[in-house]
Structures are given as C-alpha cells and as structure tokens.
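Residues per chain, in single letters:
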Amino acid sequence: DGGITQSPKYLFRKEGQNVTLSCEQNLNHDAMYWYRQDPGQGLRLIYYSQIVNDFQKGDIAEGYSVSREKKESFPLTVTSAQKNPTAFYLCASTPGQYNQPQHFGDGTRLSIL
Amino acid sequence: SQKIEQNSEALNIQEGKTATLTCNYTNYSPAYLQWYRQDPGRGPVFLLLIRENEKEKRKERLKVTFDTTLKQSLFHITASQPADSATYLCALVNYGGSQGNLIFGKGTKLSVKP
C-alpha cells in the first residue's frame, strides 16, 4: 500500500543536540510538507517542497532545516537553535497542486531530555 | 491574514444523534475547504473537500456545507457511533502566509457516548 512513513515514532533530544526526523513516501507525490502540532494548536507549517532540490520556509521555519535530494524523501532537522522543540511533528504530501487533499504520516513525537 | 476558527474545543453527544461541527474563517472565501479526522497519536486523514460553488457535499454518514456569505462550513455526522470519536480539523488555502498552502483550525474533539 502507498503511504507516508515517519520514523522514529518517539525521539528524545538532549540540550544543544540536532536531531533528524525521517519522512519517506511511495505515493510518487511531488510536494511534501512538514508541520508542527502542539496541544490546543492547529498544525503549523515549518517547511514545504514542491519539487526535488527545492524547498521553501513555512510560517515557523526558524530553528529547523530540510533537504529534498530525492522525490520520496524529505527529512527535517531540528537544530539546537530551536528553543522549544517538544511537539508532535507531521509530514504530509500531495501530488503537487494546491488545494489537493494532503496525505499524512503518523507523526514523530519529539521530547527534550 | 486569513484566520480559521473551530468554535468548539470539545463536543460530547449520544450515540445515534447527529454531530455538527463548525468552522469559521475571517477574510476572503477560499476556493476550497477541507475536513480531516485525527485520532490520538496519528496523522490526520482526509475526509471531504468542498468547493466554494458547492453548497453541500455528502459521503456516507458525513455531510459538509459551505456558506460563503456567513464565511462558515458545517460538518455533520449523522447516526453517530462511538467509533466516530476523534478530533476533526478543517483546513483552507492560505493566500497570505505560505502562499497557497493549507492553514488548519485547532480542531474539535468529538466524543460519542454509547
């Protein structure tokens, strides 16, 4: 079955450490997205990529970085510059055009040790 | 910029009743509005999309309406079941911030009691 795989399910970060969250899709979608979800808040867009080797900042990109070297992969790095990284991170994809339904992975929950 | 509000954080109803969830937006009317379901610890799952020229859309026990005059969408689940218990999110295209991407409401947590 086609879908989006996020790993790991749970991740712990020490102070000053960078961590990378994995997102892989086999839907052959062009566009991929990273969101952050905090309790009582809507999903907030961190970064998105419409095509391989290109990506744009979303609304809360500070302290995060991404790469898009392959169509199926869009890893997110949470850097030590992100002072409040504890959250539920969701990766999504669409075939490419705006307004299309987004397909989501099952998230990675990041916590600080 | 566009703001989207789901005016109930939580909604509790009895099994068999119709659940009605509300989504309001503040500025321009989007061309599309989407509804998703999210279970605890899982990613959202797409349910329905309604276009601005559609008044109503149905899928099995689900019905969505879109009123551009009121700047509101209603999401109905008829003959609700405990398995319908989840958080429901509405989303629309944001032409203000990240151009053309979705913005999501905070969600309404629906609990259906047997």
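Residues numbered from 1 in each chain as written. Chains lettered and ligands numbered in written order. Predicted model: local features only at pLDDT ≥ 70, side-chain atom pairs only at ≥ 80, totals over all residues. Heavy atoms only, no water.

K.L.:
It is not clear to me how the packing of aromatic side chains should be interpreted in this structure. Could you clarify?
P.N.:
For any pair of aromatic rings, geometry is given as the distance between the ring centres together with the angle between the planes. Counted by the stated rule, this structure contains 13 aromatic pairs over all chains. Ring geometry for Phe104 of chain A versus Phe104 of chain B: centroids 6.1 Å apart, planes at 75°, classification edge-to-face. Pair noted here: Phe104 of chain A is in strand β10 (residues 103-104) and Phe104 of chain B is in strand β10 (residues 101-104), and the two residues belong to different chains. For Phe104 of chain A, a relative accessible area of 12% corresponds to the buried category. For Phe104 of chain B, a relative accessible area of 6% gives the class buried. An angle of 75° between the planes, with centres 6.2 Å apart, marks the rings of Tyr25 of chain B and Phe66 of chain B as edge-to-face. Of this pair, Tyr25 of chain B sits in strand β3 (residues 19-25) while Phe66 of chain B is found in strand β7 (residues 62-67), placing the two residues 41 residues apart along the sequence. Just as Tyr25 of chain B is buried, Phe66 of chain B falls in that class too. Taken together, the ring pairs connect Tyr33, Tyr35, Tyr48 and Phe104 of chain A together with Tyr36, Phe46 and Phe104 of chain B into an aromatic cluster. (Phe/Tyr/Trp six-rings, centres within 6.5 Å; stacked < 30°, edge-to-face > 60°. Helix = DSSP H or I, 4+ residues; strand = E, 2+ residues; numbered from the N terminus. Buried < 20%, exposed > 50% of the residue type's maximum accessible area, 1.4 Å probe, protein only.)

K.L.:
I would appreciate a short explanation of the state of the cysteines in the present structure.
P.N.:
Disulfide: a covalent bond formed between the sulfur atoms of two cysteine residues. Residue and element names in this part refer to chain A. A full pass over the atoms with the stated rule returns 2 disulfides over all chains. Residue pairing for Cys23: its cysteine sulfur links by disulfide to Cys91, the two sulfurs lying 1.9 Å apart. Looking along the S-S bond of the Cys23-Cys91 disulfide, the torsion reads about -75°, which is the left-handed sense. Linking Cys23 in strand β3 (residues 19-25) with Cys91 in strand β9 (residues 87-94), this pair joins segments that are 68 residues apart in sequence. (Disulfide = S-S within 2.5 Å.)

K.L.:
Just to check I follow, could you spell out the sheet that holds β3 of chain A for this structure?
P.N.:
Each strand in a sheet pairs with another by means of backbone hydrogen bonds, the pair being arranged parallel or else antiparallel. Residues and elements named next belong to chain A. With respect to topology, 4 strands assemble into an open sheet ordered β1-β3-β8-β7, the strand pairing being antiparallel. The open sheet has two edge strands, β1 (4-7) and β7 (64-66), and neither has a second partner. Across the sheet, the mean angle from the axis of one strand to that of its neighbour is 20°, orientation sign disregarded. The pairing of β1 with β3 spans 4 bridges and is classified as antiparallel. Residue pairing across strands places Ser7 opposite Ser22, the latter belonging to β3. (Pairing = 2+ DSSP bridges. Axes fitted to C-alpha atoms, helices over the stretch in contact; angles between N-to-C directions.)

K.L.:
So what exactly am I meant to see when it comes to the side chain of Gln37 of chain A here?
P.N.:
Structurally, Gln37 of chain A is set in strand β4 (residues 31-37). Taking the relative accessible area as the measure of exposure, Gln37 of chain A reaches 13% and is therefore buried. A polar contact of 3.0 Å, which involves the side chain of Gln37 of chain A, links it to the side chain of Gln38 of chain B. Leaving out residues up to four positions away in the same chain, Gln37 of chain A has contacts with Leu43, Ala87, Phe88 and Leu90 of chain A together with Gln38 of chain B. (Polar contact = N/O pair within 3.5 Å; in protein donor to acceptor, adjacent residues only side chain to side chain. Contact = heavy atoms within 4.5 Å.)

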